[in-house]
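Structural overview for review
Each chain, letter by letter, is given below.
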Amino acid sequence: MDPLNQDRLRLIKWPWLLALLALLALGVALTLANGWQAHAREWLNLVVRWLHIIYGIAWIGASFYFIFLENALERHGVRAELSGNLWAIHGGGIYYLEKYKTAPAQLPKHLHWFKWDAYLTWVTGFLLLVIVYYADPRAILLPPQSPLPGWAAVAIAVASLPAAWLVYVALSSTKLLYRPALFLLVGGMLVALAAYLLGQVFSGRGVFMHIGAMLGTIMAANVFFVIIPSQKKLVRAAQKGEALDPEFVAWVQLRSRHNNYLTLPVLFTMIAHHFPFTYNHGANWLILILLFVAGVAVRHFINVTEKEHKRTLVEGGAMPYLLVGAAALVLVAFYLTAPRTSTAQADSPVPFAEVEGIIRQHCHMCHAARPTQPGFASAPAGVMFDTPEQIVAQAGKIKQTAVDTTYMPLLLPGVPPLTQEQRARLGAWVAQGARGP
Ligand code: HEC
């Protein structure tokens, strides 16, 4: 069998089975449910997000595993054709693995490739962008009252992905590629600039998600355009008994390293939508870049300590400083996002009726067991404000989403915006003990 053409499609089979089952369930749900468009979108979101996480974990997990192998190889006392070997125990079995400097004299019958998990992470990620952001750009992608037409927002968003790849390719074709620290600095500044520029057009959440999608596109395209083609070159050369140009190999390894350093930042953007306090901040581009620097620092720390696996952390020299540095950056971000308490909290007592009035008028159309807002089939995030008890019980969350940040209300057509004063009154009510009727 040709080792070039052995895609085992390991990861494709069973998640698609899951997807089919979910689609079947969707069909049943659609026939039973009212408000089916909203329902259909929620189900699609669920299925595609699930797949995205499955492929993403498979991709990043394999990436972490192979970087660990490379770092931890025992390089002394091995056969001349090897660059190292490694013993490991997992799941009740002991494994022994050898890495060749180039390729074995005889290629094996089965050579496992790792690429579909990367491609499908990107494909499902793009589908999620369509389902969550582009299908209704007014809902989350654009900030409230943006003058930009929806189609223009979608066009900018979609164009940002290939643009990121092109800028990255241009940067990688300069001498900077061979000076990693400088590359990181320039790359980091470009990411901050992109976040700042996108922030002129998109909502905070839209910015974070698109920066993540841009970096994810760079990673997936690195696999598609650089890493897999060069592996095919390697196998072809081995079949002919030729060696690859070491300069070419070094170039590919650098490009693959970039992916390694991008993993932790991109993972943050994948979970960022849970953290409005980071992306709804005026200086959200700064917070994002600080968290990215922390992620890259931690990734570097892991790479170096894996290499020095025989030493203790203290002997490892400068490494603990890196962790301290990462912690410091998170602290700065923490300081930036700390809620500024408004003086209005000391204001006159806020009766519950006033709070209930605000919630009825600005939140209840969505946050109800049966929402009246078009497009909503059930209470978003499970948050309901149908009774005074429910409102009181969720005072903390109301403060977090409508006072400390301006995440809520989500401003769709028909939802009146909340004034600064109303937000302050809600905050004062919570500060006064969030009393019920
Ligand atoms: C147009 C519909 C809409 C309106 C109006 C609305 N929300 Fe929401 N709310 C949502 C959606 C959608 C989510 C889920 C967002 C997500 O998953 O990020 C949500 C989530 C929440 C959450 C959960 C956040 C979390 O991360 O757990 C809270 C709390 C909340 N809203 C409070 C409010 C309050 C308070 C108001 C009124 C001031 C309000 N919402 C108005 C649509 C709305």
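This is a predicted model, so every value here is computed, not measured.

Criteria and cut-off values
- Position labels on residues start from 1 in each chain and follow its written sequence.
- Predicted model: local features are reported for residues with pLDDT of at least 70 only, side-chain atom pairs are reported and counted for 80 or more only, and whole-chain, interface and lining totals are derived from all residues.
- The side-chain values count all of the structure's non-hydrogen atoms but skip hydrogen atoms and water molecules.
- Near is defined per residue: the residue qualifies when any heavy atom it owns lies within 4 Å of the molecule or strand.
- Pairing of N or O atoms within 3.5 Å defines a polar contact, subject to two protein rules: one partner must be a possible hydrogen donor and the other a possible acceptor, and residues neighboring in sequence count only if both atoms are side-chain atoms.
- Gly is placed with the polar residues, together with every amino acid not listed as nonpolar (Ala, Val, Leu, Ile, Met, Phe, Trp, Tyr, Cys and Pro) or charged (Asp, Glu, Lys and Arg).
- Helix and strand definitions follow DSSP, with helices as H or I runs of at least four residues and strands as E runs of at least two, each counted in order from the N terminus.
- UniProt positions are given in the numbering used here, feature names are shortened, and annotations may be inferred rather than shown by experiment.
- For Na, K and Ca the donor cut-off is 3.2 Å, while for other metals it is 2.8 Å, and in both cases only N, O and S atoms qualify; water is not among them, so sites may look incomplete.
- Exposed residues in this analysis have more than 50% of their type's maximum accessible area, buried residues have under 20%, and partly exposed residues fall in between, with area computed by a 1.4 Å probe over protein chains only.

Lining the immediate environment of the ligand, one finds 20 residues, of which Cys-363, Cys-366, His-367, Tyr-407 and Met-408 sit closest. Arg-205 places a side-chain nitrogen or oxygen 3.1 Å from an oxygen atom of the ligand. Separating a nitrogen atom of the ligand from a side-chain N or O atom of His-367 is a distance of 2.7 Å. Taken together, the residues of the shell around the ligand break down into 15 nonpolar, three polar and two charged.

On the secondary structure map, Gly-375 appears in the loop between helix H11 (352-362) and helix H12 (388-393). Separated by 334 residues in sequence, Gly-375 and Arg-41 have C-alpha atoms that sit 9.3 Å apart.

This part takes up the UniProt feature "transmembrane region" (unreviewed entry) in the chain. The UniProt record annotates "transmembrane region" (unreviewed entry) at residues 50-69, 116-135, 150-170, 182-202, 208-228, 285-302 and 314-336. Within residues 116-135, the helical portion is 95% and the strand portion 0%, while the C-alpha atoms at the span's ends are 26 Å from each other. Strand forms 0% of residues 285-302 and helix 100%; the C-alpha atoms that close the span are 26 Å apart.

Another aspect to go through is the coordination of the iron atom of the ligand. The protein atoms donating to the iron atom of the ligand are His-367 (NE2) and Met-408 (SD), with metal-donor distances spanning 2.0 to 2.2 Å. Residue His-367 is classed as buried on the basis of its relative accessible area of 11%.

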